[in-house]
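Observations on the model geometry
One letter stands for each residue in the lines below.
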Amino acid sequence: MKSLKTLSIALTLVFSVFLSTAQKSANTTIDKITTAYLGVKNALAAGNGTVAGAKAKELFETLSAQPDKGLKPDQQKLFSSYLDKLKFDSRHISETTAIDHQREHFASLSKNLYEVLKGLKMNTSTIYMEYCPMKKVYWLSESHAIKNPYYSDKMMSTCGRVAATLPPAK
């Protein structure tokens, strides 16, 4: 009887450690995706299509490397429903240095990544969804301060407002 109880406790501990490790792996992947996205956003805000393309390539590669490992089944389903869209836009941004074309795909990329992050609730830092009333589009930011990726000139670079906040996961 004691050995059965000990075995049960040991199996519970092993399973808990496994789930914790898988969840940490998934959090790391989501952080990599978010960091690569923010690199694209910051390059567009600076008006640098070359850097935006390079950062978008990093994002595409991260999205292509089984990013749903460690997610729970409902999280995998949500992530899978957006994965092709995220890869499509990041690939298109990476294939050009024409900043206007990059910004077109960035709008879609931003909308879809927001839905993923909102649904997964796995971001480890605060993410702000910001809105540009001139273009009527959203983007994600690591900062409450507005650095508009749709306008990189000095006059319009701060045009926008925070529309929503995704707090860090607990």
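Above this text you will find the structure in question.
1. Focus: the pattern of salt bridges
In the structure shown here, the tally under the stated rule is four salt bridges. In this structure, the salt-bridge partner of E58 is K55, at a minimum N-O distance of 3.8 Å. Here E58 pairs with K55, and both are found in helix α2 (residues 49-63), just three residues apart, close to one helical turn. Taking the shortest distance from any N to any O, the salt bridge between E115 and K118 comes out at 3.5 Å. You can see E115 and its partner K118 sitting in helix α4 (residues 99-120), three residues apart, about one turn around the helix. The class of K118 is partly exposed, set by a relative accessible area of 36%.

2. What to know about the sheet that holds strand β1 (residues 127-132)
The three strands are arranged β2-β1-β3 in an open sheet whose pairing can be described as antiparallel. At either end of the open sheet lies a strand with only one pairing partner, and these are β2 (137-141) and β3 (161-166). Put simply, the sheet's adjacent strands are angled 25° from each other on average, direction ignored. Relative to β3, β1 runs antiparallel, the two being bridged by five bridges. The partner of E130 across the bridge, within β3, is V162.

3. Structural notes on the packing of aromatic side chains
Evaluation of the coordinates by the stated rule reveals four aromatic pairs. On the basis of an interplanar angle of 15° and a centroid distance of 5.1 Å, the ring pair of Y37 and F106 is categorised as stacked. Taken together, the residues span a long stretch of sequence, with Y37 in helix α1 (residues 2-45) and F106 in helix α4 at a distance of 69 residues. When sorted by exposure, Y37 lands in the same class as F106, which is buried. Judged by centre distance (5.8 Å) and plane angle (55°), the ring pair of F106 and Y150 falls under tilted. Taken as a pair, F106 in helix α4 and Y150 in the loop between β2 and β3 lie far apart in primary sequence, 44 residues in all. Each of the two residues, F106 as well as Y150, counts as buried.

4. Digging into the nonpolar core
Counting residues in hydrophobic clusters, the biggest one holds 40 residues, and the most contacted among them are Y37, F79, F106, L113 and L140. Sorting the residues of this core by element identifies α1, α2, α3 (73-94), α4, β1, β2 and β3 as the ones contributing at least two each. Among all residues touching F106, those that are not within four sequence positions of it are Y37, V40, K41, L44, I93, W139, P149 and Y150.

5. A word on the environment of N148
Position of N148 relative to the elements: it lies in the loop between β2 and β3. Taking the C-alpha atoms as reference points, N148 and E130, 18 residues apart in sequence, are found 8.5 Å from one another. Apart from residues no more than four positions distant in its own chain, N148 is found in contact with A45, C132, W139, M156, S157 and C159.

6. Thoughts on unusual backbone geometry
One non-glycine residue, K121, adopts positive backbone phi at about 55°. A relative accessible area of 60% means that K121 is categorised as exposed. At K136, a residue that is not glycine, the phi angle is positive and equals roughly 60°. For K136, the location among the structural elements is in the loop between β1 and β2.

About the criteria used
- Residues numbered from 1 in each chain as written.
- Predicted model: local features only at pLDDT ≥ 70, side-chain atom pairs only at ≥ 80, totals over all residues.
- Heavy atoms only, no water.
- Salt bridge = Lys/Arg side-chain N within 4 Å of Asp/Glu carboxyl O.
- Helix = DSSP H or I, 4+ residues; strand = E, 2+ residues; numbered from the N terminus.
- Buried < 20%, exposed > 50% of the residue type's maximum accessible area, 1.4 Å probe, protein only.
- Pairing = 2+ DSSP bridges.
- Axes fitted to C-alpha atoms, helices over the stretch in contact; angles between N-to-C directions.
- Phe/Tyr/Trp six-rings, centres within 6.5 Å; stacked < 30°, edge-to-face > 60°.
- Core = buried A, V, L, I, M, F, W, Y, C linked by side-chain atoms within 4.5 Å.
- Contact = heavy atoms within 4.5 Å.

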